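# Architecture and fold: a report
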Amino acid sequence: VRKPCIVVLGSAAAIPSPSRFVPSVLLMGLRSAILMDIGEGAQIRLQEAGVSVCKIKAVAVTHLHGDHFLGLFPMLQTLTMQSCNPVKLISPSQELCSVISGAQGVSECVVAVHGQSVVVAELAVTPVAVNHGGILAFGYHVSVPIDSKGRRKVGVFYSGDGVCEDECKQCLKQLGVDVIIHDSSFMVADIGRAIASGHATSLDAAKLANELNAKLLVLTHLSARYSDPRSVVSDARRVFQNVIVARDLMTIPLSYYAQPC
Ligand SMILES: [Zn+2]
């Protein structure tokens, strides 16, 4: 697959199954690769995708619910065993940085600040605060050059869990978003559950895609209660047409969605 691209490593909500692992998204730029969230089993999916763990330059964790970060520790072990360069960790809070402090496999731990970009080689990774109920949570915007001189870029937003509200939208409008990978835990019919758990519906995701003028919306983190995701998609299509449901190991080339010069 031509880089830059996205590879979905885990598309489940909360509990893994053989076909859907818990959240993790690989973003491969022209030179560097990062992970956004790193649920249990992410390094198995990396192997299935044929991507060496040594390629990973940074890991950005959205929030400290276990399904989003517990794959970190086994991956650090592998990085060390294989003598890979250590990774930069972008953490939603100091807590994870404190736990990881001094661990092999991590070069530095940066605590996420809303709107403050972290440079990872040619990629600019910007934490954006989202509402995930009571827990501190970020989505990540990544500005991805699609040519070696960086003349054209693609803006990718991965929501993690939760809803992008006013300050999040303002930030994303400034940064520019072409591709959104969004929490879509619930259908609109289950809006009460979505609000109670601090999650988004597929309609929330679609409204955001519409408002930001995105080109592609990828729904992920679907509740296992929906055996057929078509109903989740049809809620979203009411307001945004170009929407797909993530599957594990789905690969999305990014250059197609680049902004014109
Ligand atoms: Zn969560």
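Quick look at the structure, then. Note that this is a predicted model, so its numbers are computed, not measured.

Let us look at the overall build of the protein. If you tally the helices and strands in the protein, you get eight helices and 14 strands. Relative to the compact-globule value of 18 Å for 261 residues, the protein shows a C-alpha radius of gyration of 17 Å, a close match. Counting only C-alpha atoms and orienting by the principal axes, one finds that the protein spans roughly 50 × 40 × 35 Å. Counting every position in the protein, which comprises 261 residues, the buried fraction comes to 57%. As displayed, the protein offers around 11200 Å² of accessible surface, 51% of which is attributable to carbon and sulfur atoms. Side-chain charges in the protein split into 22 positive and 20 negative, and the spacing between the mean points of these groups amounts to 10 Å.

So, about empty space enclosed by the protein. Overall, the coordinates contain one cavity of 30 Å³ or more when judged by the stated rule. Taken as a whole, the largest cavity encloses approximately 40 Å³ of empty space. Considering the residues around the largest cavity, the lining is formed by Gly-10, Pro-23, Val-25, His-68, Tyr-158, Gly-160, Asp-161, Thr-220 and His-221. Broken down by class, the residue content of the lining of the largest cavity amounts to three nonpolar, five polar and one charged.

The next point concerns the packing of aromatic side chains. Considering all chains together, one arrives at two aromatic pairs under this definition. Geometrically, the ring pair formed by Phe-69 and Phe-73 is edge-to-face, given 6.4 Å between the ring centres and 65 degrees between the ring planes.

This next bit is on the nonpolar core. Where a protein is soluble and globular, its nonpolar side chains tend to be buried together. Of all hydrophobic cores here, the largest spans 34 residues; its most connected members are Ile-6, Leu-27, Ile-34 and Val-156. Discounting residues that sit within four places of it in the chain, Leu-27 has contacts with Cys-5, Ile-6, Ser-32, Ala-33, Ile-34, Met-36, Leu-123, Val-142, Val-144 and Val-156. Listed in part, the 29 residues of the second largest apolar core include Val-128, Leu-208, Val-233 and Val-245.

Turning our attention to the sheet that holds strand S9 (residues 138-145). Two modes of strand pairing occur in sheets, parallel and antiparallel, and in both the strands are linked by backbone hydrogen bonds. One open sheet accounts for seven strands, arranged S7-S8-S9-S10-S11-S12-S13; its pairing is mixed. Each of the sheet's edge strands pairs with one partner strand only, and the pair in question is strand S7 (118-120) and strand S13 (243-245). Each strand axis lies, on average, 20 degrees off the axis of its neighbour in the sheet, ignoring direction. Across six bridges, strand S8 (residues 123-129) lies against S9 in antiparallel orientation. The residue bridging Pro-127 from the neighbouring strand is Tyr-140, located in S9. Against the sheet, helix H8 (residues 230-237) touches strand S12 (216-220) and S13, its axis set at about 160 degrees to S13.

For the zinc ion, the full set of protein donor atoms is His-63 (NE2), His-65 (ND1), His-132 (NE2) and Asp-161 (OD), at a range of 2.2 to 2.3 Å. Taken together, the four donor atoms coordinating the zinc ion and their angles of 90 to 172 degrees define a geometry best described as irregular. In terms of primary sequence, the donors binding the zinc ion are separated according to H-x1-H-x66-H-x28-D. Highlighted residues: His-132 in the loop between S8 and S9 and Asp-161 in the loop between strand S10 (153-158) and helix H5 (166-175), separated in sequence by 29 residues. You'll find His-132 and Asp-161 in the same group, each marked buried.

Okay, the state of the cysteines next. Counted according to the given criterion, the structure contains three disulfides. Disulfide pairing places Cys-54 opposite Cys-84 at an S-S distance of 2.0 Å. Across the S-S bond of Cys-54 and Cys-84 the torsion is about -65 degrees, and the bridge reads as left-handed. Separated by 30 residues along the polypeptide, Cys-54 in the loop between helix H1 (42-48) and strand S4 (56-60) and Cys-84 in the loop between helix H3 (72-81) and strand S5 (87-91) bring together distant segments of the chain. Its relative accessible area of 32% is what places Cys-54 among the partly exposed residues. Classification of Cys-84 by relative accessible area gives buried; the value is 11%. The side chain of Cys-97 participates in a disulfide bridge whose partner is Cys-109; the two sulfur atoms lie 1.9 Å from each other. Disulfide Cys-97-Cys-109: the torsion about the S-S bond is -75 degrees, which places it as left-handed. Of this pair, Cys-97 sits in helix H4 (residues 94-100) while Cys-109 sits in strand S6 (residues 106-111), placing them twelve residues apart in sequence. By relative accessible area, which is 25% here, Cys-109 ends up partly exposed.

It is worth spelling out the sheet that holds S5 at this point. Pairing in this open sheet of seven strands is mixed, and the strands run S6-S5-S4-S3-S2-S1-S14 from one edge to the other. Bordering the open sheet on either side are S6 and strand S14 (251-253), each of which pairs with just one other strand. Taken over all neighbouring pairs, the strand axes of this sheet differ in orientation by 20 degrees on average, direction set aside. Pairing geometry for S4 and S5, over three bridges, is parallel. Note that in S5 the partner of Val-59 across the bridge is Leu-89.

Basis of the calculations
- Residues numbered from 1 in each chain as written.
- Predicted model: local features only at pLDDT ≥ 70, side-chain atom pairs only at ≥ 80, totals over all residues.
- Heavy atoms only, no water.
- Helix = DSSP H or I, 4+ residues; strand = E, 2+ residues; numbered from the N terminus.
- Rg over C-alpha atoms; globule rule 2.2 N^0.38 Å.
- Buried < 20%, exposed > 50% of the residue type's maximum accessible area, 1.4 Å probe, protein only.
- Areas by Shrake-Rupley, 256 points an atom, 1.4 Å probe, with all protein chains shown as cover.
- Lys, Arg positive; Asp, Glu negative; His and termini not counted.
- Charge placed at Lys NZ, Arg CZ, Asp CG, Glu CD.
- 1 Å grid on protein atoms, 1.4 Å probe; cavity = no way out; pocket = protein on both sides within 12 Å on 5 of 7 lines; lining within 4 Å.
- Points joined across faces, edges and corners; volume = space filled by probe spheres on them.
- Nonpolar A, V, L, I, M, F, W, Y, C, P; charged D, E, K, R; others polar.
- Phe/Tyr/Trp six-rings, centres within 6.5 Å; stacked < 30°, edge-to-face > 60°.
- Core = buried A, V, L, I, M, F, W, Y, C linked by side-chain atoms within 4.5 Å.
- Contact = heavy atoms within 4.5 Å.
- Pairing = 2+ DSSP bridges.
- Axes fitted to C-alpha atoms, helices over the stretch in contact; angles between N-to-C directions.
- Donors = N, O, S within 2.8 Å, 3.2 Å for Na, K, Ca; no water.
- Tetrahedral: all angles 85-135°; square planar, octahedral: opposite > 155°, others 65-115°.
- Disulfide = S-S within 2.5 Å.

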